[in-house]
Amino acid sequence: MSIARLWFVRVLRVIILGSLLWEAFRKDRGWHLVAGVGLVVAVAFLGRAFFRVSFGHRLWPSLALMALLLASALPAELGEWRVLALVLWCGSAVSALERLPLVAGVPCVFVAMTGFVAYNDDSWIVTSLTVVGLVLAGFTLRLDAEARGSTQRLLAQERAARAAEAESAALAERARIAREIHDVLAHSLSAQLVHLEAARLLIEKDATKQQILDRVVAARSMAREGLAETRQALSALRGEMTPVEDFLRELVTTDRASVTVTGEQRALPAEASQAVRRVAQEALTNVRKHAPGAKVQVCLAYGEGEVRLDVRDSGGPAGELAASGAGYGLLGMRERAELLGGSLHAGPGEEGFVVTLRVPG
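Each value, and the rule that gives it
- Residues numbered from 1 in each chain as written.
- Predicted model: local features only at pLDDT ≥ 70, side-chain atom pairs only at ≥ 80, totals over all residues.
- Heavy atoms only, no water.
- Helix = DSSP H or I, 4+ residues; strand = E, 2+ residues; numbered from the N terminus.
- Buried < 20%, exposed > 50% of the residue type's maximum accessible area, 1.4 Å probe, protein only.
- Contact = heavy atoms within 4.5 Å.
- Areas by Shrake-Rupley, 256 points an atom, 1.4 Å probe, with all protein chains shown as cover.
- Polar contact = N/O pair within 3.5 Å; in protein donor to acceptor, adjacent residues only side chain to side chain.
- 1 Å grid on protein atoms, 1.4 Å probe; cavity = no way out; pocket = protein on both sides within 12 Å on 5 of 7 lines; lining within 4 Å.
- Points joined across faces, edges and corners; volume = space filled by probe spheres on them.
- Patch = residues over 30% accessible without salt bridge, like charges linked within 9 Å, V, L, I, M, F, W, Y side chains within 5 Å.
- Salt bridge = Lys/Arg side-chain N within 4 Å of Asp/Glu carboxyl O.
- Axes fitted to C-alpha atoms, helices over the stretch in contact; angles between N-to-C directions.
- Parallel < 35°, antiparallel > 145°, perpendicular 65-115°, else oblique.
- Left-handed = near helix turned anticlockwise from the far one by under 90°.
- Nonpolar A, V, L, I, M, F, W, Y, C, P; charged D, E, K, R; others polar.
- Core = buried A, V, L, I, M, F, W, Y, C linked by side-chain atoms within 4.5 Å.
- Pairing = 2+ DSSP bridges.
- pLDDT = per-residue confidence, 0-100.

A. Local environment of the overall build of the chain. The secondary structure content of the chain amounts to ten helices and five strands. When the 361 residues of the chain are sorted by exposure, 37% land in the buried category. At a minimum sequence separation of 6, the contacts of the chain that also span at least 24 residues come to 66%. Accessible area for the chain stands at about 21,300 Å²; split by element, carbon and sulfur atoms hold 64% of it.

B. View of the side chain of Thr356. Tracing the backbone shows Thr356 in strand β5 (residues 353-360). Polar contacts involving the side chain of Thr356 include one to the side chain of Asp310, which spans 2.8 Å. What Thr356 contacts, discounting residues up to four positions off in sequence, is Arg308, Leu309, Asp310, Ser343, Leu344 and His345.

C. Quick peek at the environment of Gly352. Tracing the backbone through its elements, the reader meets Gly352 in the loop between β4 (343-348) and β5. Those residues in contact with Gly352 that sit more than four places away from it in its chain are Asp313, Ser314, Gly315 and Gly347.

D. How the structure looks around empty space enclosed by the protein. Taken as a whole and assessed by the stated rule, the structure comprises one cavity of 30 Å³ or more. By volume, the largest cavity is sized at about 40 Å³. In terms of lining, the largest cavity is formed by Ala191, Val194, His195, Thr285 and Arg288. Where the lining of the largest cavity is concerned, the elements lending two or more residues are α6 (124-204) and α9 (270-290).

E. Broad picture of a nonpolar patch on the surface. A cluster of nonpolar residues, Leu74, Leu78 and Tyr119, forms a patch on the protein surface that exposes about 290 Å² of accessible area. As for its position among the elements, Leu74 is in helix α3 (residues 59-78).

F. Structural context of the pattern of salt bridges. Inspection of the entire model under this criterion finds eight salt bridges. The network of salt bridges with shared partners includes Glu197, Arg200 and Glu204.

G. Spotlight on the packing of helix α8 (residues 244-251) against α9. Their axes nearest at 10 Å, the elements α8 and α9 cross at an angle of 15 degrees. Put simply, α8 runs roughly parallel to α9. Viewed along their axes, α8 and α9 form a crossing whose handedness is right-handed. Listed contacts from α9 to Val244, Phe247, Leu248 and Leu251 of α8 are Ser273, Val276, Arg277, Ala280, Gln281 and Leu284. Split by residue class, the contact of α8 with α9 holds seven nonpolar, two polar and one charged.

H. View of the nonpolar core. In this structure, Leu84, Leu88 and Met113 are the most contacted members of the largest nonpolar core, which totals 33 residues. Of all the secondary-structure elements, those providing two or more residues to this core are α2 (30-55), α3, α4 (82-99), α5 (102-119) and α6. Looking at this core, the element that brings in the most residues is α4, giving nine residues. Not counting residues up to four positions away in its chain, the partners in contact with Met113 are Trp89, Cys90, Ala93, Val131 and Leu134. Counting residues in hydrophobic clusters, the runner-up holds 30 residues, among them Leu248, Leu268, Val287 and Tyr302.

I. Structural detail: the sheet that holds β5. Taken in spatial order, the five strands line up as β1-β2-β3-β5-β4 in an open sheet, and their pairing is mixed. With one partner strand each, in any of the chains shown, β1 (257-262) and β4 form the two edges of the open sheet. Ignoring strand direction, the axes of neighbouring strands in this sheet form an average angle of 10 degrees. Contacts from α8 reach β1, β2 (296-302) and β3 (306-313) within the one sheet, and its direction differs from that of β2 by about 180 degrees. On top of the sheet, α9 reaches β2, β3, β4 and β5; it is set at about 175 degrees to β5, its chief contact.

J. Examining the confidence of the model for the chain more closely. Residues at a pLDDT of 70 or more form 80% of the chain, whose mean pLDDT is 78. A low-confidence stretch, residues 320-328 (pLDDT under 50), is modelled with 14 contacts involving residues beyond four sequence positions or located in other chains.

K. Structural context of the side chain of Gln281. On the secondary structure map, Gln281 appears in helix α9. A polar side-chain atom of Gln281 sits 2.8 Å from a polar atom in the side chain of Arg278.

L. Structural context of the packing of α4 against α5. For the pair α4 and α5, the least separation of the axes is 7 Å and the interaxial angle reads 155 degrees. With respect to their mutual orientation, α4 and α5 come out roughly antiparallel. Here α4 runs over α5; the crossing is left-handed. Residues Arg82, Leu86, Trp89, Cys90, Ser92, Ala93, Ala96 and Leu97 of α4 form the contact with α5, whose participating residues are Leu102, Gly105, Cys108, Val109, Val111, Ala112, Met113, Gly115, Phe116 and Tyr119. Looking at the contact of α4 with α5 residue by residue, the class counts come to 14 nonpolar, three polar and one charged.

What follows is the structure in structure tokens.
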């Protein structure tokens with residue numbers, strides 16, 4: 001209920017109660033005055049209780065209070081408190097039709113209007129018009145209450161839907177961040193493992209200290225790059241990222257690789273951009289492990305509604321580190337692509353190995 005409507009109802013109740021008390025004080029004296037004031041107070045208490053109980057949709061207590069209000073109209077008529085009786089007959093009829101179910105409200109309206117007609121001194125035309133007007137007023141208030149109730153239920157459902165949507169978005173964001181961090185760490189740790197495994201093999205072959213140190217330093221460098229990539233992934237999720245083309249060119253600086261970009265370049269969605277970056281990193285790491293020294297061609301093609309990444313190597317003898325790693329990198333990349341509505345294919349090509357990623361963008 002709005003503040004204006006709430007204050008209007010309160011003021012109306014105060015006016016009605018004041019009018020009833022004024023009638024009792026103006027006409028009555030002695031015990032008759034005390035009885036009139038007591039009846040007015042009792043009716044006010046019953047009316048307030050009825051409104052509170054009916055608002056909570058408690059049927060039987062509401063019917064009991066309505067019966068007491070209707071019963072109070074009879075002593076009001078007999079005690080010649082006509083205004084109070086009129087308020088009880090008419091007010092009970094309107095309130096019953098507004099706040100009670102029709103099955104219970106219609107009998108209460110019938111009883112109230114029967115009492116009103118029986119004790120009313122107006123002509124039958126005026127009385128009939130009054131009864132019809134009261135019924136229409138009660139039904140109109142009922143429709144208004146039902147409309148306000150429906151509006152409140154819709155607002156509650158909308159708030160619940162918004163809360164569920166916000167919670168779902170938060171969970172999706174957490175899952176996205178977790179996936180990014182997982183992919184970054186998986187790539188970084190895999191690259192470190194390559195260098196550490198190489199260092200182990202060099203130790204077993206009694207290599208020079210400098211050769212072993214170079215591998216350890218490279219592993220340390222990959223650890224630092226992993227931390228930097230983690231920060232970059234978080235920045236990318238916030239929309240702060242370098243263009244994919246620049247990232248690919250920086251990525252291949254330490255490899256015998258070339259980058260080709262075709263199509264009309266454009267900004268990609270954050271998840272599509274991250275997928276391209278992670279697949280390129282994973283593919284180059286696999287080249288270092290399985291075909292060290294092979295030439296690599298990285299091609300990024302912008303198409304209509306999608307972007308395609310091809311990473312091809314020239315092949316060569318398997319490296320000593322081919323058996324290292326668990327082999328889950330490309331599997332994770334394929335799952336990432338499918339979540340975006342794309343695809344990832346990896347397999348032998350004409351010369352070496354080919355990894356092809358397609359994602360919407």
